[in-house]
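Working through the structure, step by step
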Amino acid sequence: MNDQNQRPPVLPQGSQTGGVPPSSDSGQVDGRWHAPHKFSSWLAAQMQDQGAGLSVRVDFRPDGILAFSYQWKKAKVPVFLVVGRRGSKGEVTRFGTLFAPLPCAPEVEKRLLHHTATRLDQIFRGTPPTWLSRRSSPSLVVGWGPSFLQDYCSDLLVPGVTHWGSTLLQDAQFDEDRSLLLSFRGDASFDLRLYPSCEKTNKPWVGQYGPLVLVAPDSSIAAHPFVSYVSFVFSLLIPSGATLLPYDSSQQDWIPLMGDTRGEDTFLVGHFRTSEELYKAIFAAKAKIAVVGNLDRECSSALRWLAGATEDAIMDFWHIHTSREAYMSFRTTDISDTDVVTIDGEARTTELIRQVIDSPLDLLVVQGGCPSALMGETGGRSLDAALEGAQRTPHSFTVDVCLGENTDYRRFWDMLVQMDPAEEPLTVADRLNLVGFGHRQTPALSELLRLLGEAGLSDIHTFLPTFEAASIPGTRSARATVVYPSPHVVDAFSMARRHFGQAVVFPDAPWGIQGTRQWLDQVLRSMGRDGLPDHLWQAMVAARTPSQWAEWRGATAGLRVGFAASAHYFMQPDSHLRHGLPIAQVIQELGFGIDLVVVPPTDTQPRRIPKTTLERWGGSSPGAVRVVYGKHGETLHELLQRCEPVAFYSEWVGDQRLLMAGKEPFSVADLHMGLEGTVRNLRFLLQLSTLPFAQRYGRLAPSEVLHG
Amino acid sequence: MADLMSTTATFLDGVTLLANGIPDLALVIDSPDCGDDKVAKAGIRSDLFTTLNQPGFPSRQQFTWLTFPDLALGSQAKVLETIRSIDASVHPGAFLLTAGSPVQLTGEYHGLSASRLSEELRKPVVPLLSGSLSGDYLDGFGNALAALLEHLPIEPLPVVPATVGIVGFPFERGEEDHLGNLRELDRLLSGIGLQVTVVAPSGRNVDHLAGLSTVEFLLGFPHGAQAATALAQRLGRPLIQTELPIGLEGTARWLREVAQATGRDQEAEALIGCELARCVPALRRVVRTMFLGRRVAMTIDPYIARSLVPALAEWGVQTVSLNLRTRHLTRLHEVSDRLKQAQVDVVPTHDMTLPGLALQWKHCLGEGLDLIIGTTMERIAQEGDRRPYLELGFPCYVRHALFDSPWMGFRGALWLADRLYNLLSDYRYDHPGSIP
């Protein structure tokens, strides 16, 4: 099978596929397929040729999805084939296969998936042996076509149908001739021959190497692991949900400006995997919630941590603590080795659901884990069984694995807002929704509510990252919705955007004194009112600034705050913004200067920061912003030591690199919105900048401890 | 609150705990990343001085971040990539490689990968069969220690006379409670002419364990019984298996056992006499005025319970409720037997959930309860009338030890008495009339 002489001709060949597109459309150049978007037009033609009552349009999207848009019985149903996608850092953010992205009747979905699979089979029929498959033993040669997709796709790849136990890969052998022998735990085994289509490139390559363009180049693929080629074929519709990469050891020479959470007020910096965000939202909610999990101990342990059911969570998410006891209920099947044999998790989950279902719940969450998914068990079936004949049916939400992408979060918010029984919103003139301004224990949130109250607005509902069940019914009747303008809040809000009515505004967040004034003005105008009168604003400021304000403000003269990063980072357009916080502006408003400390790459001099970048950081006034360039070969420690500022920005809690250099780290989580928040910010930065501890003792942190 | 899950820490918690106790041991868990809580538990929250995860530095504990395709295709590539990446950035002395439940279910075992990597990196890469589906943290800790010692180049070398290696010390964190325990064991064994050269684990690097090759005696604690037995057989050295030395009588018994096995009876008796003469005056008054008749509820590591319950009984403190933090009935039976031998009248339970504990403690409150000893995980089970709570064992998030505070040995007995006295005294002052 590895005989180079038997290598097939380029795929697809016209004589084999029953209709070759013109070369200009096909994307076939010099015997290779290079451009997926050209390929798609050819594929579309193929699909149209063989239409059977269906009209279909095929698009190859930039994100690596091959989209089939079916028009069938006056209904438009898209079916997607996810080829694969790689992020800018090479991480695979999503793999997938055939699926219908919108809900439709199961029969329709199944039929369309089958139809798509059949069409693809037909297209590729007779194009051996680019994908040379062999099942079991003795060898059975099948092509990339009917046997492959029909035999495997429906069983392997359709959500809810797949049984992992029989499809787990037992062995994979890969040789330099690009042949891959896959053996499964069931009866199946087959070979794949893989032919990447283009030369080595530094660009993300999965999109270019997708299955439909795996044709006949000569370039070596030795540099690419075989998993990258074939995983799209075998993966379920359960993609990697990671939105925050793990700490990248290659970045240890610079201070991460956006990274892990600090375990404090995490509402702005809490970039967890989306499933964790989901659970934070669920469990921090002021609502009666029961969670039933078909989970093993390790899963349950992690979930309870998110759920706030334990001291683990309380140590991290203090805001959860206050609402936990009265509202939470957590039950788990506690899967062990024995259960893996008996596989009765669904029945046990059903029983657990029945135990809680008659209590007055706002929400029932049924959670599956990896082990239960591997056993082919789903929370949906358990829930359906439990709901049969139930006296009442609470709002329920199933999450079958913890590795889900945004879909879980989106479904959750959709379902949440659907708790509102009102069909049409009836606008209440004075009602305002605030989205993404913190949770109940975020000090600034209650302070902002008081400011709004003094400005005449008191009927305010707050959402994200948590919610109160009692607020949901009022969501759509608000006159305006004001959203915190940071990407992760906007992203989360977009999931439930349609439930919040039309009047949605994204004003700059209320950071600093002037920022707070402008925000209040914009909120009032979104409510159809005039801006804030000057006398009222002055009264607000006078009531909130302490007598030492001028003294503190004067003490900042000559003090500077540091930011250390690569030149590349500073040159990003929004580098002066952190999670919606215009940090440069806020610091300068308090009277501090800013030092941008440019960490050089290990082997070269740092790039110079352009003037436009400095202006974004507020560098137009003399001395407001200074740039300190690292020297060639200078370590981060050496560079920091010769920098003047004591307070340095870092998202790492207790960043040892800063402490050892005599600096004191701070982050967004230390700063607050609003007027009172601004006063606290001033005091905090002033205290930090004059704190002697790290300056005197930071060097004593034993470096050997850091690496054992 | 109805959190129907046991508070017993998990298998991977135990493995992580061991890694926390050996600063240059890297831990790779072949699993999705949903075990983020492991490092937070064993490291960040429970140990102020953890080196598992240094802010701003590459972590020596990492998951392979499996996704479902990896479960189907095999995770070997990610395992190799993760270990190589840690090796390049952290330069650990050895690797421990284990897996989470999903990988355990697929049956994938990393023995071959570990062996390959050991050769490639020229350092031990130790495969550990996952037990996360049915094991608990004691299994994780014990199995990981056994696997580690098995794979380290510890071969019999000429014995250095009068040296002892301790295997299975429950080094839960690098704070001054366990460092104090280590100092106390060292002090006591020195007092009978033995030099402790190696303790596994003890907050020291992997190469420290190589010193086990030359010790004359191996002393095994329950947390590492399996590892100690295997090592003693491998080295052909005498093994002294003992309980943890907790309390006055418990410590004296422990010293006598060690002394008998090493031929130092006279030294031991002399030392015990001196130590008791120093400790007893400090305790004589408080035993009568503060401890006698106190009723304590305990939820604790079974190996600690076996020594701690009789130690408190010696002061007149009655254990009225005992929950053992383990999934295994065999450990419960072992504790029952020990307590019967010590004539302590309490029927232990095990692997309780929070509501179960809350109910048990509520019942105890009705009949009189003065104090609770447990880990952080069970604090939350106290409802309503809260009693003084002494955190002991893993995890310990609220109580930290910045200054010498052992709870093993004679000095440990004094620390325990000091701590209990002050907890009760504070509580009595703040809640007049609530406890006698």
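In this report, the structure presented in the accompanying data block is examined. (Residues numbered from 1 in each chain as written. Chains lettered and ligands numbered in written order. Predicted model: local features only at pLDDT ≥ 70, side-chain atom pairs only at ≥ 80, totals over all residues. Heavy atoms only, no water.)

1. What to know about the sheet that holds strand 2 (residues 25-30) of chain B
Residues and elements named next belong to chain B. Ordered by their spatial adjacency, four strands build an open sheet running 3-2-4-5, and the pairing between neighbours is parallel. For this open sheet the edge positions go to strand 3 (61-63) and strand 5 (125-127), each flanked by a neighbour on one side alone. Neighbour to neighbour, the strand axes of the sheet diverge by 20 degrees on average, direction disregarded. In terms of strand pairing, strand 2 meets strand 4 (residues 94-99) through six bridges, oriented parallel. For L25, the partnering residue across the bridge sits in strand 4 and is A94. Helix-sheet contacts for helix 7 (residues 137-151) involve strand 2, strand 4 and strand 5, and the interaxial angle to strand 5 is about 135 degrees. (Pairing = 2+ DSSP bridges. Helix = DSSP H or I, 4+ residues; strand = E, 2+ residues; numbered from the N terminus. Axes fitted to C-alpha atoms, helices over the stretch in contact; angles between N-to-C directions. Contact = heavy atoms within 4.5 Å.)

2. Digging into the pairing of strand 6 (residues 160-167) of chain B
Residue and element names in this part refer to chain B. With six of its eight residues buried, strand 6 lies for the most part within the structure. For strand 6 and strand 8 (residues 215-220), the ladder comprises five bridges, and the chain directions are parallel. Opposite V160, over in strand 8, you have V215 as the bridge partner. (Buried < 20%, exposed > 50% of the residue type's maximum accessible area, 1.4 Å probe, protein only.)

3. Structural notes on a nonpolar patch on the surface
Taken together, the side chains of A:L691, A:F693, A:Y697 and A:L700 define a hydrophobic patch exposed on the protein surface, amounting to about 420 Å² of accessible area. Tracing the sequence through the fold places A:L691 in the loop between helix 27 (674-689) and helix 28 (693-697). (Patch = residues over 30% accessible without salt bridge, like charges linked within 9 Å, V, L, I, M, F, W, Y side chains within 5 Å. Areas by Shrake-Rupley, 256 points an atom, 1.4 Å probe, with all protein chains shown as cover. Salt bridge = Lys/Arg side-chain N within 4 Å of Asp/Glu carboxyl O.)

4. A few points about helix 15 (residues 379-387) of chain A
All names here are of chain A. Of the positions making up helix 15, those classed as buried are G379, S382, L383 and A386. Angular distribution of buried residues about the axis of helix 15 spans 100 degrees; they occupy a single face of the element. Structurally, helix 15 contributes buried residues whose contacts are with helix 13 (345-357), strand 16 (363-368) and strand 17 (396-399). A positive phi of about 75 degrees marks G389, the residue just after helix 15. (Arc of directions from axis to C-beta.)

5. Digging into the environment of B:F403
Among the structural elements, B:F403 can be located in the loop between strand 14 (389-391) and helix 15 (409-430). B:F403 sits 223 residues away from B:G180 along the chain, and the two C-alpha atoms are 8.5 Å apart.

6. Topic: the pattern of salt bridges
Applying the stated criterion across every chain, the model contains 36 salt bridges over all chains. For B:R187, the salt bridge is made with B:E275, and the minimal N-O distance between the two is 2.8 Å. Separated by 88 residues along the polypeptide, B:R187 in helix 8 (residues 176-191) and B:E275 in helix 11 (residues 265-291) bring together distant segments of the chain. Residue B:R187 is classed as partly exposed on the basis of its relative accessible area of 30%. Three or more residues joined by partner-sharing salt bridges are found here, namely A:R297, A:D334, B:R327 and B:D351.

7. What to know about the environment of B:G220
All names here are of chain B. Counting through the fold element by element, G220 comes out in strand 8. G220 sits in the buried class, given a relative accessible area of 0%. Between the C-alpha atoms of G220 and A232, which are twelve residues apart in sequence, the distance is 9.4 Å. Those residues within four positions of G220 in sequence are excluded, and the remaining contacts are V167, A228, L239, I240, Q241 and T242.

8. As for the side chain of B:S6
Residue and element names in this part refer to chain B. Mapped onto the elements of the fold, S6 is located in the loop between strand 1 (2-4) and helix 1 (11-20). A distance of 2.9 Å separates the side chain of S6 from the backbone nitrogen of T8, its partner in a polar contact. A polar contact of 2.4 Å, which involves the side chain of S6, links it to the side chain of D351. (Polar contact = N/O pair within 3.5 Å; in protein donor to acceptor, adjacent residues only side chain to side chain.)

9. Regarding the side chain of A:T613
Residues and elements named next belong to chain A. Checked against the element boundaries, T613 lands in helix 24 (residues 611-616). By relative accessible area, T613 is classed as buried at 2%. Apart from residues lying up to four places away in sequence, T613 is in contact with F570 and M571.

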